[in-house]
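# Structure assessment
Residues per chain, in single letters:
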Amino acid sequence: MKGIKTTSITNWLIKINMLEYLADENGKNHKIPTENGIQLGITTQERLGMYGSYKVVLYDSNVQQFILDNIDTIAYYNTQKKSYNFNTEGNI
């Protein structure tokens, strides 16, 4: 059995409107939480690294539980690689 990659979880969160891409002034896309994602507990935080500042997306314990509760749906979505309609609760 293959594991689920973080990109699969991220892509699913985008699909169900919890995350979205936002282009910066240089045209580079960054993931940010939507209003739904913020309400669920997804936040961003700016950090300072070796090469300057950057933003990270953080999932609080509520979001982590939401992901675990929907792990079968995420795995299914990952294996199908097709467009499926998910409701806002993450279920097919």
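As a starting point, this report considers the structure included with it. The structure displayed is predicted, hence computed values, not measured ones. (Residues numbered from 1 in each chain as written. Predicted model: local features only at pLDDT ≥ 70, side-chain atom pairs only at ≥ 80, totals over all residues. Heavy atoms only, no water.)

### Some remarks on the environment of Val63
Selection rule: The helix and strand labels rest on DSSP assignments: H or I over at least four residues marks a helix, E over at least two residues marks a strand, and numbering proceeds from the N terminus. Exposure is judged per residue with a 1.4 Å probe applied to protein chains only, and the accessible area is read against the type maximum: over 50% gives exposed, under 20% gives buried, and values in between give partly exposed. The contact criterion used is simple: two residues touch if any of their non-hydrogen atoms lie within 4.5 Å.
Within the secondary structure, Val63 sits in helix H3 (residues 61–69). Judged by its relative accessible area of 0%, Val63 falls in the buried class. For the pair Val63 and Gly41, spaced 22 residues apart in sequence, the C-alpha to C-alpha distance is 5.8 Å. Not counting chain neighbours up to four residues away, the residues in contact with Val63 comprise Leu40, Gly41 and Ile42.

### Quick notes on the side chain of Thr34
By the secondary structure assignment, Thr34 is in the loop between strand E2 (29–33) and helix H2 (35–40). In contact with Thr34, not counting residues within four places along its chain, are Asn17, Met18, Leu19 and Glu20.

### Here we look at the environment of Lys2
Summarising the element assignment, Lys2 is placed in the segment before helix H1 (6–15). Spatially, the C-alpha atoms of Lys2 and Ala75 are 9.6 Å apart, while their sequence positions differ by 73 residues.

### Details of the pairing of strand E1 (residues 19–23)
Where we set the bar: Should DSSP find at least two bridges between two strands, the strands are regarded as paired.
In the sheet, E1 pairs with E2 via five bridges, with the strands oriented antiparallel. Note on E2: the bridge partner recorded for Tyr21 is Lys31. In textbook terms, the turn of a hairpin is the stretch between consecutive antiparallel strands, and for E1 and E2 this stretch comprises five residues, one of which, Gly27, has a positive phi near 85°.

### Some words on the pairing of strand E4 (residues 52–59)
In the sheet, strand E3 (residues 42–49) pairs with E4 via eight bridges, with the strands oriented antiparallel. The residue of E4 that forms the bridge with Ile42 is Tyr59. Once E3 ends, the chain turns through two residues before running back antiparallel as E4.

### What to know about H1
For H1, the set of buried residues is Ser8, Ile9, Thr10, Trp12 and Leu13. Buried residues in H1 make contact with E1, E2, E4, H3 and helix H4 (71–80). Immediately downstream of H1, the backbone of Asn17 shows phi near 65°, a positive value.

### Side note on H4
Rules: Each direction from the helix axis to a C-beta atom contributes to the arc, which is the arc of those directions.
Residues of H4 that are buried: Thr73, Ile74, Tyr77 and Asn78. The buried residues of H4 all sit within an arc of 135° when viewed along its axis, so they share a single face. Exposed residues pointing more than 90 degrees away from the buried face of H4 are listed as Asp72 and Thr79. In this fold, the buried residues of H4 make contact with H1 and H3.

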